[in-house]
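# Examining the three-dimensional arrangement
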Amino acid sequence: MSVNIEAYQNIITALEKKKVTLVAVSKTKPVEDILELYKLGQLEFGENYVQELIEKEKLLPKEIKWHFIGHLQTNKVKLIAPFVQLIHGVDSLKLLKEINKQAAKCNRIINCLLQIHIAEEETKFGLNDEELKEVLSQFANLEMKHVKICGLMGMASFTENMIKVKNEFEIISNLFKSNPDFSILSIGMSSDYKIAIETGSNMVRIGSLLFGERSKK
Ligand SMILES: *Cc1c(COP(=O)(O)O)cnc(C)c1O
């Protein structure tokens, strides 16, 4: 499978008009595919697995901005802290504390998004309403100088029912709008990015439309 250049150009043109950032999700795909999009000007790439990310980061141009979009374990934060641009899936105060600690060691401020649980599947990670409030209030008391919470991230249910998807996106979009400190709303993937943008997304994470289907890991 190779990169779908035409899809990339159509998506990027549509997103630029709406000032939506495209994170090209390159998990499981070879560095050659990433370079192909990089040569067209794409700089933001997203990865789900720490080991894969650090290997690719070593091999690829330093201008690339790496987004970590998977579920991050506290013991792996130190591996990505020196270079990661944005961590999308933060879902606990414990993880924020570790990110702050490792960012301090690198003399960096690491941008983070809090993950909100909007899908029906229990298996998906994320905070509910109350937990979000709790994490934000504790964060405010702790003076973590090396972490910046920039906004929210979420994943809708795995379903063909786009009304359901839209309703789920509305929940997270309302939480996003209710906090003036937030600037990034990361919702929308290959199957639902158009609905996400209608619902207020300003950052979409698209993989298979650009790089083709992934084989199961
Ligand atoms: C894999 C993944 C994506 C991209 O999914 P596609 O359906 O291939 O666009 C987006 N966000 C997260 C969190 C992912 O794990």
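Heads up: these notes are all about the structure in this document. (Residues numbered from 1 in each chain as written. Predicted model: local features only at pLDDT ≥ 70, side-chain atom pairs only at ≥ 80, totals over all residues. Heavy atoms only, no water.)

### Things to note about the pairing of strand 2 (residues 44-47)
- Side-chain alternation along strand 2 places Glu44 and Gly46 on one buried face and Phe45 and Glu47 on a second face that is also buried.
- With two bridges joining them, strand 1 (residues 21-25) and strand 2 adopt parallel strand pairing. Directly across from Ala24, in strand 2, lies its bridge partner Phe45.
- Each parallel crossover has a hand, and for strand 1 linked through helix 2 (residues 31-39) to strand 2 it is right-handed.
- Across four bridges, the pairing between strand 2 and strand 3 (residues 65-68) is parallel. (Buried < 20%, exposed > 50% of the residue type's maximum accessible area, 1.4 Å probe, protein only. Helix = DSSP H or I, 4+ residues; strand = E, 2+ residues; numbered from the N terminus. Pairing = 2+ DSSP bridges. Right-handed = clockwise from strand over helix to strand, strands pointing away.)

### A short note on helix 1 (residues 5-17)
- With 13 residues, helix 1 extends 19 Å between its outermost C-alpha atoms, agreeing within 8% with the 18 Å of an ideal straight helix rising 1.5 Å per residue.
- Of the positions making up helix 1, those classed as buried are Ala7, Tyr8, Ile11, Ile12 and Leu15. Here the buried residues of helix 1 occupy an arc of 120° about the axis, which is enough to place them on one side. The exposed set on the far side of helix 1, more than 90 degrees from its buried face, consists of Glu6, Asn10, Glu16 and Lys17.
- On its buried face, helix 1 sits against strand 1, helix 2, helix 8 (193-198), strand 8 (203-206) and helix 9 (208-211).
- Of the residues flanking the end of helix 1, it is Lys19, one or two places downstream, whose phi is positive at about 55°. (Expected span 1.5 Å × (residues − 1). Arc of directions from axis to C-beta. Contact = heavy atoms within 4.5 Å.)

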